[in-house]
Amino acid sequence: MSPAPRQPRSDRRLAALAFMTGILAVLVFTCYVGGTATESRLDEPDPFPAVPAPEAPAYRDDGPLLLVCTDDAEDFAERNEGVVYSERIANERLQDDCLADGFRDLPAAVAAAEPDTRIQILPGHYTVDAAIVVETEHLQIEGVGDSPDDVQVSAHFAADTVLTAHAASGLYVKGVSFGQARGAALRLTAVESATLDEVGAFQSDGAGIHVADSSGVEVRDCRAEAADTAGVLIENSHADVIGCEATGNGAGIEIRGTETTASAVGNRLHDNTTGLVVADSGPAADIAVTDNTVYGNNTDHYALLGTAACETDAAERDWTGGDLCPDRTYPSGVGILAANGTGTAVTENRIWNQQTAGIAAWGAPDRTRGSAATGTRSARTRTESARTAPGTATASTCGGTGPAPRPASTSPARTAPPPRCSPPAAATSHASPETRCAP
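Residues numbered from 1 in each chain as written. Predicted model: local features only at pLDDT ≥ 70, side-chain atom pairs only at ≥ 80, totals over all residues. Heavy atoms only, no water.

### Some thoughts on the sheet that holds strand 25 (residues 334–339)
Put simply, the test is: Pairing between strands requires that DSSP locate at least two bridges from one strand to the other. By the criteria applied, helices consist of DSSP H or I runs no shorter than four residues and strands consist of E runs no shorter than two, each listed in order from the N terminus. The axes used here are C-alpha line fits, helices contributing only the stretch in contact, and every angle between their N-to-C directions lies in the interval 0 to 180 degrees.
With respect to topology, 9 strands assemble into an open sheet ordered 4-7-10-13-16-19-22-25-28, the strand pairing being parallel. Where the open sheet ends on each side, the last strands, each with one partner, are strand 4 (132–134) and strand 28 (357–362). Averaged over all neighbouring strand pairs, the angle between strand axes comes to 10 degrees, with direction disregarded. Two strands pair when backbone bridges link them, and strand 10 (residues 186–189) and strand 13 (residues 209–212) are joined in this way by 4 bridges, in the parallel orientation. The partner of Leu188 across the bridge, within strand 13, is Val211.

### Points about the state of the cysteines
Inclusion rule: In this description, a disulfide is simply a cysteine sulfur pair whose atoms lie within 2.5 Å.
For the structure shown, the criterion picks out 3 disulfides. Through a disulfide, Cys69 is tied to Cys98; the S-S separation comes to 2.3 Å. Given an S-S torsion of about -90 degrees, the disulfide between Cys69 and Cys98 has left-handed geometry. Taken together, the positions of Cys69 in the loop between strand 1 (65–68) and helix 2 (73–80) and Cys98 in helix 3 (residues 85–101) put the pair 29 residues apart, joining distant regions of the chain.

### Regarding the confidence of the model for the protein
Under the convention used in this document: pLDDT expresses how confident the predictor is about each individual residue, on a scale running from 0 to 100. Pairs of residues are marked as contacts when any of their non-hydrogen atoms sit within 4.5 Å.
Residues at a pLDDT of 70 or more form 71% of the protein, whose mean pLDDT is 81. In this model, residues 36–42 is a region of pLDDT below 50 whose contacts with residues beyond four sequence positions or in other chains number 0 contacts.

### Notes on the pattern of salt bridges
Just so we agree on the cut-off: The salt bridge definition used is simple: a Lys or Arg side-chain nitrogen within 4 Å of an Asp or Glu carboxyl oxygen. Summary of the burial criterion: residues with accessible area below 20% of their type's maximum are buried, those above 50% are exposed, and those between are partly exposed, where the area comes from a 1.4 Å probe applied to protein chains only.
For the structure on display, the rule yields 14 salt bridges. Arg182 is the partner of Asp313 in a salt bridge, and the nearest nitrogen-oxygen pair spans 3.0 Å. Here Arg182 lies in the loop between strand 9 (177–181) and strand 10 and Asp313 lies in the loop between helix 5 (308–311) and strand 25, a separation of 131 residues in the sequence. Among the ionic pairs, Arg223 bridges to Glu225, the shortest N-O distance being 3.2 Å. A residue is classified by how much of its surface remains accessible, and Arg223, at 32% relative accessible area, is partly exposed. Residue Glu225 is classed as partly exposed on the basis of its relative accessible area, which comes to 30%.

What follows is the structure in structure tokens.
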């Protein structure tokens, strides 16, 4: 029997080629379908997107308008006299309109305001006996004087605060001074988006301006003076303090809190006990202290503690003489203090005439979060390019001509003058090359 004829080699090659082509086609189809499904999944919106921080509101000149004026013609005329001529004439017309159908006090106007209302306050001195509570959304309160001193709202120490905003959004306050409160003169709590523009705070038995648990807050061109604690206190908030002046306070500006994201930029801090304090910030904090002018913060405000001056009621104290009774302990003679915290950058500040230290950083080392005093990279606290005048120390290890610094503390200090303590052993020097310690 003769052998079966062999299949041509070309036929076998064609069969193998067809088989391989089929496999490749399956692979290409699989990759296409899988890639399309992946792209569709990538294009799907995140069910839990990050919520951006709200922005501070801008000034507006539209919306319903309410007027507040004093019926004291002499007081109005005296405070309006220094206003620019064109605005002075406009204020006189507004005063006539207000006397006809406006409000005589700010609390009544705030109570009557609907969302998006503007309240204009004519020059004068206004007294309240209870806190003004703002809960209206997108409210704008504006003093129409030449400066915040022309429009003053005082509690005369009859209330814990003069004006407080709680859980309100879109608040804009401009050109008004608040003062003589048993606590903070102006307080924002749980506020989302607020602007405090050219606002004043004076003679407060607490902080001048206190922002707590809030976001999207901008404090700019303010003036804070004669506050027992800090002129401006930012606590667990997302806030910026820009171009303010703080003088005659326990601390000019204090920023604290483990969740705080804040900046202090271009402020002028002088004649306080401590110029600027960053304390008790945590790993989630992000704090920038930049381009501030800090000088002469050498005032010891603790001499009156335990004396009759601080035992008397706040309303009876001689505030005009600069008498303070602080309930927090700040180190005298320190320009900028970073204590017990992380996430702080201190850069490009101009500091001079500080008796103890231009910049001081200290705290108990904490491996879980780092410390401003450890000097390690994990601390994430840096001080650089601080233009410190010769003769001024730049760390608490280098004492100047003044007393040794006292660590920042939130413990009560009213009963007796706090003892002077030595600089903490963990203090770290960040002296610039031009810095010299006083002999």
